[in-house]
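Analysis of the macromolecular model
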Amino acid sequence: MSDPRRNIPGTDTLLALVPASPLAPHALKACAHEVQAACRRGELHPDDAAEHFLSLINAGATTLTPVLNATGVVVHTNVGRAALGELAVDALVHAAGYVDVEMDLENGVRSRDRGAGAREALLAACPAAEDALVVNNGASALLLATAALAEHGSVAISRGELIEIGAGFRLPELIESAHVKLVEVGATNRTHPHDYERAASDPSLRAILKVHPSNYRVHGFTAEASVAQLRQIADAHDLSLIVDTGSGLLRPDPALPDEPDATTALAHGADIVLFSGDKLLGGPQAGVILGRAEAVAKLRRHPLARAVRVDKLRLAALEATVRAAETPTSAALHADPDTLRARTQALAERVGAPVVGHDGRVGGGGAPGVPLPGYAVALDPVLAAPLRRRRPAVLGRVHDGQLLLDLRCVPPHRDEEIAQAVLECAEGER
């Protein structure tokens, strides 16, 4: 029998299908080569090559696949953490062209007030802060804070807060890269104020660092020093107090009663509070730094601040996020249970599947172990792969032999899109 791969269309044949395209020639050729490679591997029949090539071209200039997050995890790192709201998306588009990010239009000279809009929005939302600075992510914020406030000195930190987060990223290695020595105090489960007092006898100590434990909790026989207690120690020994709240709450949230927030940490005496912008704040990837004017000024003047500077797009999206009345993240966290149940029931009836109870999660290291009670449609797990391969992909959670689709993080107007995807995939599996 003839090998069907002999019929794979040539590059020129595929390119002739798109005589005019906004994509550059090298990008068009890359798409053609991708299709041909899929045919050679047997993943795509040569007869379908032209259609697949056109679908790649029409998908646009990015290979990122849009995802409908039906996992119930609100801040899902693997699919980009927080989903931006409409105001933030509009701000991104607005800032895509030329904007006065470093231009004083009144006087026609370069401005040194980069990020002023985002800073003002943050200070209005968190009056406990005297100043604010935005860098490119949470790790950068921590690196800059320790470098500026403790460079060539040491920082005291509890052994219970020497954490490793996703992708093998370890906090101690980051801090030490800033030429800062770590002074470990206390034990994994119990750290007391007097542990920090002993560390303060080291003449090289410049700061105390308190860190959100991120993706884990220690239960049982535990103890930790509060921010207020650490403030007293810092004052007694002329030390800076840095608090990394991690997940990005600006103020207390009754739905997450044990989650640290910036307003409380500042009120209790932190010089600097830092967190990620793309977690509970619901904005773009960014490192947000709030605190006392003198401390923030030290960070702003440090040479490393230039290396971790944030771009105009994220500044615009962050400002819009902070000014918004609600974000997709806050909407998902505080979703009405009755509304969720009604939406889930409607989807279940549409696809002929049962509704089950399902606890969502905050994700992104926020509120570890705290359930978000809700519901899910339970499907045959064989549908997980074909649903993921769609565009947009539909991502559910496979658990206990079921594929669970939780609508908590899905915009309501896209419920029918998920229903149609399930029906088409189920038909394809028959």
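- Going by an unreviewed UniProt entry, the protein chain carries the name L-seryl-tRNA(Sec) selenium transferase and comes from Corynebacterium imitans.
- Taken verbatim from the UniProt record of the protein chain, the Cofactor (unreviewed entry) comment is "pyridoxal 5'-phosphate".

**A look at the overall build of the protein chain**
- Within the protein chain, the regular secondary structure consists of 17 helices and 15 strands.
- Its C-alpha atoms give the protein chain principal-axis dimensions of about 85 × 55 × 45 Å.
- The burial tally for the protein chain puts 47% of its 430 residues in the buried class.
- Nonlocal contacts in the protein chain, meaning residues at least 24 apart in sequence, comprise 74% of its contacts between residues at least 6 apart.
- With an accessible surface of roughly 21600 Å², the protein chain has 52% of that area assigned to carbon and sulfur atoms.

**Some words on the UniProt feature "modified residue: N6-(pyridoxal phosphate)lysine" (unreviewed entry) in the protein chain**
- UniProt's entry tags Lys 279 with the feature "modified residue: N6-(pyridoxal phosphate)lysine" (unreviewed entry), counted in the numbering of this structure.
- Within the element layout of this structure, Lys 279 appears in the loop between β9 (272-276) and β10 (287-291).

**Things to note about the packing of helix α4 (residues 86-95) against helix α13 (residues 312-323)**
- Contact geometry of α4 with α13 gives a least axis separation of 8 Å together with a crossing angle of 150°. Comparing the axis directions of α4 and α13 gives the class roughly antiparallel. The handedness of the crossing between α4 and α13 comes out as right-handed. Counting all contacts with α4, which are made through Leu 87, Ala 88, Ala 91, Leu 92 and Ala 95, the residues of α13 involved are Lys 312, Leu 313, Ala 316, Ala 317, Ala 320 and Thr 321.

**Describing the pairing of β10**
- Among the 5 residues in β10, 5 count as buried, and that is most of the element.
- Burial of β10 is two-sided: the residues Gly 287, Ile 289 and Gly 291 facing one way and the residues Val 288 and Leu 290 facing the other way are all buried.
- Bridge count between strand β4 (residues 131-135) and β10: 5 bridges; the pairing is antiparallel. If you follow Leu 133 over to β10, its bridge partner there is Ile 289.
- Where β9 meets β10, 5 bridges bridge the pair, whose relative direction is antiparallel. Residue Leu 274 lies in a different strand from β10, and its bridge partner there is Ile 289.

**Here's the deal with the pairing of strand β15 (residues 402-405)**
- As paired strands, strand β12 (residues 372-379) and β15 are joined by 3 bridges and run antiparallel to one another. Across the sheet, residue Ala 378 finds its bridge partner in β15, namely Leu 404.
- Sheet analysis places strand β14 (residues 397-399) next to β15, joined by 3 bridges and oriented antiparallel. When the bridges of β15 are listed, His 399 appears paired with Gln 402.
- Hairpin connection, β14 to β15: the antiparallel pair is bridged by 2 residues, and Asp 400 has positive phi, about 50°.

**So, the sheet that holds strand β5 (residues 154-158)**
- The sheet built from 7 strands is open, its strands ordered β4-β10-β9-β8-β7-β5-β6 with mixed pairing. Two strands in the sheet have a free side with no partner beyond their single neighbour: β4 and β6 (181-185). The sheet shows a mean angle of 25° between the axes of neighbouring strands, direction not considered.
- With 4 bridges joining them, strand β8 (residues 240-246) and β9 adopt parallel strand pairing. Its bridge partner lying in β9, Ile 242 is registered against Ile 272.
- Strands in contact with helix α5 (residues 116-125) are β4 and β10; relative to β4, the strand with the most contacts, it is inclined by about 130°.

**Remarks on the domain arrangement of the protein chain**
- When cut into domains, the protein chain gives domain 1 (16-57), domain 2 (67-80 + 330-429) and domain 3 (86-325).
- For domain 1 and domain 2, the distance between their C-alpha centres works out to 32 Å.

**Quick look at unusual backbone geometry**
- The omega torsion of the bond from Arg 391 to Pro 392 falls at 0°, within 30 degrees of zero and hence cis.
- Its location among the elements puts Pro 392 in the loop between α16 (384-388) and β13 (393-395).
- Of note in this structure, Arg 81 is not a glycine but carries a positive phi near 55°.
- Within the secondary structure, Arg 81 is located in the loop between β1 (67-69) and α4.
- Owing to a relative accessible area of 24%, Arg 81 belongs among the partly exposed residues under this scheme.
- Phi is positive for His 152, close to 65°, though the residue is something other than glycine.
- Mapped onto the secondary structure, His 152 falls in the loop between α6 (138-150) and β5.

Rules behind the numbers
Residues numbered from 1 in each chain as written. Predicted model: local features only at pLDDT ≥ 70, side-chain atom pairs only at ≥ 80, totals over all residues. Heavy atoms only, no water. UniProt positions renumbered as here; feature names shortened; annotations may be inferred. Helix = DSSP H or I, 4+ residues; strand = E, 2+ residues; numbered from the N terminus. Buried < 20%, exposed > 50% of the residue type's maximum accessible area, 1.4 Å probe, protein only. Contact = heavy atoms within 4.5 Å. Areas by Shrake-Rupley, 256 points an atom, 1.4 Å probe, with all protein chains shown as cover. Axes fitted to C-alpha atoms, helices over the stretch in contact; angles between N-to-C directions. Parallel < 35°, antiparallel > 145°, perpendicular 65-115°, else oblique. Left-handed = near helix turned anticlockwise from the far one by under 90°. Pairing = 2+ DSSP bridges. Domains from an automatic or database assignment.

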